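Examination of the molecular architecture
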Amino acid sequence: MQNENFYVTVDGISLSCQRITPTRIAPDAPTIVFLHEALGTIRMWRDFPAKLATATGHPVIIYERRGHGKSDPHGDNDVPRPIDFHNIESDVYLHGLITELGLDRPILFGHSDGATIALKYAARFPTHIRAVISEAAHVCVEDVTIAGINDAAAIYANTDWKSKLERHHFFQTDAVFRSWVDTWRQPEFRDWQMIDELPNIICPMLVIQGDDDQFGSDEQVHTICEKVTGPVTKLILPDCGHIPHFDQPDRVIAASLEFLGKLDANQEPIRAEA
């Protein structure tokens, strides 16, 4: 297993990246690109990407979006984010990253906002990717989402959560938090949705959500699965919250192995290493 940290410049913005190369690389295995949640960074994925790389034999790229971790910060006037910020993350930064790295039809693995960005990309660049693994994606705004964000804002204000996030976001911590909370709590954001774009998604998808997700209901999963055009596998995990790859990592890896093994009908399913 080899890890390499590096930077990629996209649209004048330096994005912090990490490449994970497993000891055994499966033949012709596309790279898996990880897209983090609203407060995420490379380090906050912990060891899950490395475990998935080892299990599947797929190389992995993880990157930190603008304003997160060691990537360049947002400008002073960029918070709250625009209502269409998922479009910018998809069309400018993710597309730019894939292009700069010369990735040939990668697989996108997204969590929460990262999963929404992955869905956006799959809808807007349908022939540029091989597949999507989505965890806890949002395709519309629910009351439970706003309630969860309000609870998070109270916790941030009244506990030491900020100091914990500073280990990952450094001087950008307040801006990262505000870019999540302030954006989603804008009154006009309640009307945001990307359901109309879902039929443009033609690639295979694995859609995962915990049944006790405090930021979204199972309707998010049902809507995605009903609206996309391509083949889709649904996985709702019992006794699981908003972060399935932490709450039930073995189930997520097993489901990902099965899903990736079926991508090419002429390829033997990829098995986990002993």
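Higher on the page you've got the structure.
Residues numbered from 1 in each chain as written. Predicted model: local features only at pLDDT ≥ 70, side-chain atom pairs only at ≥ 80, totals over all residues. Heavy atoms only, no water.

1. Section: the overall build of the protein chain
As a reminder of what qualifies: Secondary structure counts use DSSP, requiring at least four H or I residues in a row for a helix and at least two E residues in a row for a strand, with both numbered from the N terminus. Within these notes, the globule rule equals 2.2 Å times the number of residues to the 0.38 power, and the radius of gyration is based on C-alpha atoms. For every residue, the accessible area obtained with a 1.4 Å probe (protein chains only) is divided by the maximum for its type, and the residue is called buried under 20%, exposed over 50%, and partly exposed between those limits. We call two residues in contact when some of their heavy atoms are within 4.5 Å. A 1.4 Å probe and the Shrake-Rupley method give the accessible areas. Residues count as covered only by the protein chains that appear here.
A tally of helices and strands in the protein chain yields 9 helices and 8 strands. For the protein chain, the C-alpha radius of gyration of 18 Å lies close to 19 Å, the compact-globule estimate for 274 residues. With respect to the principal axes defined by its C-alpha atoms, the protein chain has extents near 50 × 40 × 35 Å. The buried share of the protein chain, reckoned over its 274 residues, is 56%. Sequence-distant contacts in the protein chain: of pairs separated by 6 or more residues, those separated by 24 or more amount to 76%. Carbon and sulfur atoms provide 47% of the accessible area of the protein chain, an area that totals close to 11,900 Å².

2. Things to note about a negative patch on the surface
Put simply, the rule is: Patch membership is restricted to residues that have no salt bridge and whose relative accessible area is over 30%. Joining uses 9 Å for like charges and 5 Å for the nonpolar side chains Val, Leu, Ile, Met, Phe, Trp and Tyr. One speaks of a salt bridge when a side-chain nitrogen belonging to Lys or Arg is within 4 Å of a carboxyl oxygen belonging to Asp or Glu. For this count, His and the chain ends are skipped, Lys and Arg are scored as positive, and Asp and Glu as negative. In this description, the location of a charge corresponds to atom NZ of lysine, CZ of arginine, CG of aspartate or CD of glutamate.
Side chains of Asp211, Asp212, Asp239 and Asp247 sit close together on the surface and give a patch of like negative charge. In this structure, aspartate 212 sits in the loop between strand E7 (205-210) and helix H7 (219-227).

3. Let's talk about the sheet that holds strand E4 (residues 60-63)
The condition is simple: Following DSSP output, two strands are said to pair if at least two bridges run between them. Lines fitted to C-alpha atoms define the axes, with helix axes restricted to the stretch in contact, and inter-axis angles between N-to-C directions lie between 0 and 180 degrees.
Across the sheet, 8 strands lie side by side as E1-E2-E4-E3-E5-E6-E7-E8; this open sheet has mixed pairing. Because the sheet does not close on itself, it has two edges, and the strands there are strand E1 (2-10) and strand E8 (232-237). Averaged over neighbouring strand pairs, the angle between their axes works out to 20° when direction is ignored. Here strand E6 (residues 131-135) runs beside E7; their pairing, made up of 4 bridges, is parallel. Each residue of the ladder has a partner; that of isoleucine 133, found in E7, is leucine 206. The strands touched by helix H1 (residues 48-56) are strand E2 (13-21), strand E3 (32-35), E4 and strand E5 (107-111); relative to E3, the strand with the most contacts, the crossing angle is about 160°.

4. Here's the deal with the packing of H1 against helix H9 (residues 249-261)
This is how the line gets drawn: Under this scheme an angle from 65 to 115 degrees is roughly perpendicular, one under 35 degrees roughly parallel, and one over 145 degrees roughly antiparallel; angles in between are oblique. Left-handed describes a crossing whose near helix is turned anticlockwise from the far helix through less than a right angle; right-handed describes the clockwise counterpart. Each residue gets one of three labels, nonpolar for Ala, Val, Leu, Ile, Met, Phe, Trp, Tyr, Cys and Pro, charged for Asp, Glu, Lys and Arg, and polar for the others, Gly among them.
Two elements in contact, H1 and H9, have axes whose closest approach is 10 Å; the angle formed by their N-to-C orientations is 40°. When the axis of H1 is compared with that of H9, the two are oblique. Of the two elements, H1 crosses H9, and the hand of that crossing is right-handed. Between H1 and H9, the residues in contact are Phe48, Lys51, Leu52, Ala55 and Thr56 and Pro249, Val252, Ile253, Ser256, Leu257 and Leu260, respectively. Taken together, the residues that form the contact of H1 with H9 break down as 8 nonpolar, 2 polar and 1 charged.

5. A word on the pattern of salt bridges
Pairing is possible between side chains of opposite charge, provided their charged atoms come close. Enumeration according to the criterion identifies 13 salt bridges in this entry. Lysine 120 serves as the salt-bridge partner of glutamate 197, at 2.4 Å between the closest nitrogen and oxygen. Within this pair, whereas glutamate 197 is found in the loop between helix H6 (173-184) and E7, its partner lysine 120 is found in helix H3 (residues 113-124), the two being separated by 77 residues in sequence. Judged by its relative accessible area of 3%, lysine 120 falls in the buried class. Through salt bridges with shared partners, a single ionic network connects Asp91, Lys120, Arg124 and Glu197.

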